[in-house]
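Close look at the chain arrangement
Letter by letter, the chains look like this.
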Amino acid sequence: MLKHSQYNIVLTNKDGVLIYNSITGAFAKLTLEEYRKYLSLNLNEDENNSLLENLKKGMFVVPADFNELEYIKERYTTLKHSATTLGLVIAPTLKCNLACIYCYQNRGEFDNSLLMPSNVQEALVSFMRNIIRDNTKLLSVLWYGGEPLMGLQVIRELTKKFLKIANELDIRYTASMITNGTLITPTIAEELHKLEIKAFQITLDGDKDTHNRKRIYKNGKGTFNRIIDAIKTLAKYRDTNITIRVNVDEEVAKNIDNILDTLDKEGLKNKIGIYFSKLEEYEYSSRAWACYIKSLEEYSKVEKKLYMRLIERGFKLNIYPFPRYIPCGAVREYGNICIDPEGYIYKCWHEIGVKEKSVGHVNEGFNERLNRWISYTPFSFEQCSTCKLLPVCMGGCPLRAMEGNRECMPLAQNIQEYLKLVYAYKSQQHTINKLKSIKEE
Ligand code: SF4
Ligand code: SF4
């Protein structure tokens, strides 16, 4: 006996019926006849029926006694304790060369000028070595700050040590960086590439005028041109991934075409991924950004229009709702191990530098505050336990949820519309590839 998955989302468009399943992330297009069969569950298991096989593969239909929620819970628990990937987030310094109006990285008690000293670096390496397990296959480091490039010397030293250990233990090593981009020159980019840093996230806060009012040097000068130059420099490396994060407020939403014009004109259209981000207020954030879009519903509408614009303008779209079974690395025992320049350990990078939130220190290991994160579960929220997007969202940001401020992911507001966007993009890509192959013939 079969039943329909409770994680199916069905939508119709001019091409027929589309079904998305959030447990597998599968997305199928059915003819009306196939859809009728799906609805009636009249899918004879004994026949060699490819429709049935495909529906089962995508988990659009599942055995009647299969408990999907239990399955999601098991996947969550396994991922939480899996040591296959060890994820470190390291702030070599909390110093920054900019003075963005919304920056939360002003920790009253923290010495922002500090670069991680060599004794902390050594303790960090031993701590990391101790938590590598026999089944660890990947060591993944995210360089964070402040502005991590203000601590380049620390990055050099630590990378050398990490690579040595990864090599000795036959573990793969990858590194990425969240940077404001202003310190990236051709020489620095080459060095970062040698240091295996091959994924970057850089923020734009709007078009040139808007950005230059918000993301500024300490002397008040804007950073837009410098950042665009840096993106162009990094884009020369074909194995480097660049994600532009665009912080969205009402002004940015209005002038999105100006940003896209610049990226297009500079030849970056096919070399970058863009994602839009809702500005969040956390306990330790500055509240100085005036035109936040506070309502999630409103933001979701705006975001959908922005992604639509990306498609219309031929930019890459990267919003596929893949199931993750984990809200973020912070709830993983071996994930999001965030270390500040003094060696304090945190689980969420938003708390880096706030010592009372630390879950340990590289000299002493973890403390009891770690449990708050590891025992976190989205299944206690009734709304999440019955949500069709649970495998994708998993209750949203755990920090927000623990602060009593849980928020759904923007696409949950409007999932049908988002799926239509994804479908339109996939169809467009299919046509482009088809045209390319015709041209090449
Ligand atoms: S807890 Fe929230 S803010 Fe922190 S890393 Fe996870 S998703 Fe991001
Ligand atoms: S936070 Fe919202 S979208 Fe996410 S799983 Fe819970 S109910 Fe669903």
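What you see is a predicted model; the values in this text were computed from it and never measured.

**Remarks on helix H4 (residues 118-131)**
- The end-to-end C-alpha distance of H4, which contains 14 residues, comes to 20 Å, matching closely the 20 Å that a straight helix rising 1.5 Å per residue would cover.
- By the burial criterion, the buried members of H4 are Val-120, Gln-121, Ala-123, Leu-124, Val-125, Phe-127, Met-128 and Ile-131.
- Those residues of H4 hidden inside the fold are in contact with strand E6 (85-90), strand E7 (138-143), helix H5 (152-169), strand E12 (337-339), strand E13 (344-346) and strand E15 (365-366).

**With respect to the site of ligand 2**
- All residues in the neighbourhood of ligand 2 are listed as Gln-383, Cys-384, Cys-387, Leu-390, Cys-393, Gly-395, Arg-406, Cys-408 and Ala-412.
- Put simply, the parts of the chain that give the shell around ligand 2 at least two residues each are helix H13 (382-385) and helix H14 (390-393).
- For the shell around ligand 2, the class distribution of residues is 6 nonpolar, 2 polar and 1 charged.

**Some words on the sheet that holds strand E11 (residues 272-278)**
- One open sheet holds the 10 strands; their spatial order is E11-E10-E9-E8-E7-E6-E12-E13-E14-E15, and the pairing between them is mixed. Whereas interior strands pair on both sides, the edge strands pair on one side only; in this sheet they are E11 and E15.
- As defined by bridge partners, strand E14 (residues 360-361) adjoins E15 across 2 bridges and the pair is classed as antiparallel. Across the sheet, the residue bridging to His-361 is Gly-365, located in E15.
- Packed on one face of the sheet, H5 meets E6, E7, strand E8 (172-178) and strand E9 (197-204) and runs near 170° to E7.
- Contacts from helix H8 (residues 224-235) reach E9, strand E10 (241-248) and E11, with the element oriented near 155° to E9.

**What to know about the sheet that holds strand E2 (residues 8-13)**
- On the basis of which strands lie adjacent, the open sheet formed by 3 strands has the order E2-E3-E4 and antiparallel pairing. Lying at the two open borders of the sheet, with one neighbouring strand each, are E2 and strand E4 (27-30). Within this sheet the neighbouring strands show an average axis-to-axis angle of 20°, counted without direction.
- Here E2 runs beside strand E3 (residues 16-21); their pairing, made up of 6 bridges, is antiparallel. Pairing of Leu-11 across the sheet is with Leu-18, part of E3.
- Strands in contact with helix H1 (residues 32-40) are E2, E3 and E4; relative to E4, the strand with the most contacts, it is inclined by about 115°.

**Some words on the confidence of the model for the protein**
- Chain-level statistics for the protein give a pLDDT mean of 91 and a share of 92% at 70 or above.
- Note on residues 283-290: pLDDT is under 50 here. Beyond four places in sequence and across chains, it has 23 contacts.

**With respect to the domain arrangement of the protein**
- Taken domain by domain, the protein holds domain 1 (1-66) and domain 2 (68-441).
- Each of domain 1 and domain 2 has a C-alpha centre, and these two points are 35 Å apart.
- With 22 residues of domain 1 in contact, the opposing surface of domain 2 contributes 21 residues.
- The junction of domain 1 with domain 2 conceals about 1900 Å² of combined surface from both sides, 60% of it contributed by carbon and sulfur atoms.
- Counting the surface domain 1 buries against domain 2, the share from its top three residues, Tyr-7, Ile-9 and Ile-23, is 30%.
- The interface formed by domain 1 and domain 2 contains 0 salt bridges.
- Put simply, the parts of the chain that give the side of domain 1 that touches domain 2 at least two residues each are E2, E3 and E4.

The rules behind these values
What you see as residue numbers is a count from 1 along each chain, following the sequence as written. Working convention: letters from A go to chains and numbers from 1 go to ligands, in the order in which they are written. Thresholds applied to this predicted model are a pLDDT of at least 70 for local features of residues and 80 or more for the giving and counting of side-chain atom pairs; totals over whole chains, interfaces and linings are not thresholded and use all residues. Hydrogens and water are ignored here; the side-chain numbers use all heavy atoms of the structure. Helix and strand definitions follow DSSP, with helices as H or I runs of at least four residues and strands as E runs of at least two, each counted in order from the N terminus. In this analysis, the expected span of each helix is defined as 1.5 Å times one less than the number of residues it contains. Note on exposure labels: buried denotes an accessible area under 20% of the residue type's maximum, exposed denotes more than 50%, and partly exposed covers the range between, all computed with a 1.4 Å probe on protein chains only. Note on contacts: a residue pair is in contact if any heavy atoms of the two residues lie within 4.5 Å. Throughout this document, a residue counts as near a molecule or strand when at least one of its heavy atoms sits within 4 Å of that molecule or strand. Residue type decides the class: Asp, Glu, Lys and Arg count as charged, Ala, Val, Leu, Ile, Met, Phe, Trp, Tyr, Cys and Pro as nonpolar, and the leftover types, Gly among them, as polar. Whether two strands pair depends on DSSP finding at least two bridges between them. Interaxial angle, 0 to 180 degrees, is taken between N-to-C directions of lines fitted to C-alpha atoms, where a helix line uses only the stretch in contact. A residue's pLDDT is the confidence the predictor assigns to it, expressed on a 0 to 100 scale. For every domain, the bounds stem from an assignment made automatically or drawn from a database. Summed over both partners, the accessible area lost on bringing two parts together, with a 1.4 Å probe, is the buried area. Every case where a carboxyl oxygen of Asp or Glu lies within 4 Å of a side-chain nitrogen of Lys or Arg is listed as a salt bridge.

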